[in-house]
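If you want the building blocks of each chain, they are given just below.
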Amino acid sequence: MAYKQYEERFPVKQEQKRDLRVAPTPRRRKKARVRPSLFGCIAVVVIAAVYILFCQMQLTQLSAEVGEQNDLLSELTAENVSLTTKQMNSMNLDEVEDYAVNTLGMVKMDNSQIEYVELTNPDTVTVADSGVSLGSLFAGLAHSFSAIVEYIR
């Protein structure tokens, strides 16, 4: 009897038949293609990297050449100083005087050949004041600016 009451209260459900269908076979996905815009971006990045490397290579070459030219310049400057010193030491005034007297036939001036010139009126220089100059213009502006600053204080 207990079983009967239990079955009345909770009837047994019969299994419903399911409607079975055949599922279609899953389609294979096509491999993702590389987008043209992505390919273009990669190409631009690669070209930029190659260009930067090329510029760095040229910069290195030019820096090496500048270093070589600076070394050459310092060497030539030292040689110039050496040759200038040698030239100055080779020109002796005694030799110049000997050349002038013996080769050119020049003679030294003696005291009888000296003539003195006396001026009755000494030279004088007068500077004309043009009135407005660039200096006076800046001085006037500076004075005006300082007056405004003083007024504000």
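Numbers given to residues run from 1 along each chain, matching the order in which its sequence is written. It should be noted that, the model being predicted, local features are given only for residues of pLDDT at least 70 and side-chain atom pairs only at 80 or more, the latter also being counted only at that level, while totals for whole chains, interfaces and linings use all residues. With hydrogens and water stripped out, all remaining heavy atoms of the structure feed into the side-chain values.

## Digging into the overall build of the protein chain
Applicable threshold: Working definition: helices are DSSP H or I runs of at least four residues, strands are E runs of at least two. Numbering for both runs from the N terminus. Throughout, exposure labels follow a simple rule: accessible area from a 1.4 Å probe, protein chains only, divided by the maximum for the residue type, with under 20% read as buried, over 50% as exposed, and the rest as partly exposed. Using a 1.4 Å probe, the Shrake-Rupley method yields the accessible areas, and only the shown protein chains count as cover for residues.
Helix and strand counts for the protein chain stand at four helices and zero strands. Seen in sequence order, the protein chain has helices and strands lined up from the N terminus as α-α-α-α. Per-residue burial over the protein chain gives 1% buried out of 153 residues. Of the roughly 16,900 Å² of accessible surface on the protein chain, a fraction of 60% belongs to carbon and sulfur atoms.

## Quick word on the pattern of salt bridges
Pairing between side chains becomes possible if they bear opposite charge and their charged atoms approach one another. The following threshold applies: Should a side-chain nitrogen of Lys or Arg be within 4 Å of a carboxyl oxygen of Asp or Glu, the pair is scored as a salt bridge.
Taken as a whole and assessed by the stated rule, the structure comprises one salt bridge. Across the salt bridge formed by Lys108 and Glu97, the nearest N and O atoms sit 3.4 Å from each other. With Lys108 in the loop between helix 3 (93-102) and helix 4 (134-152) and Glu97 in helix 3, this pair connects stretches of sequence that are eleven residues apart.

## Comments concerning a negative patch on the surface
The line we're drawing: A patch consists of residues exposed above 30% relative accessible area that lack any salt bridge, with like charges linked at up to 9 Å and nonpolar side chains (Val, Leu, Ile, Met, Phe, Trp, Tyr) linked at up to 5 Å. Residues counted as positive are Lys and Arg, residues counted as negative are Asp and Glu, and His and the chain ends are not counted. Every charge is mapped to an atom, namely NZ of Lys, CZ of Arg, CG of Asp or CD of Glu.
A cluster of acidic side chains, namely Glu65, Glu68, Asp71, Glu75 and Glu79, defines a negative patch on the protein surface. You can see Glu68 is positioned in helix 2 (residues 36-90).

## Some words on the confidence of the model for the protein chain
Put simply, the rule reads: Each residue carries a pLDDT value, the predictor's own confidence for that position, ranging from 0 to 100.
For the protein chain, the average pLDDT comes to 81, and 80% of its residues sit at 70 or higher. When pLDDT is averaged over each element of the protein chain, helix 2 comes out on top at 93 and helix 1 (residues 2-9) at the bottom at 65.

## Quick word on a nonpolar patch on the surface
A grouping of Leu38, Ile42, Val46 and Val50 is seen on the molecular surface, where their side chains present a nonpolar patch of about 360 Å² in accessible area. Residue classification places Val50 among the exposed residues on the basis of a relative accessible area of 53%.

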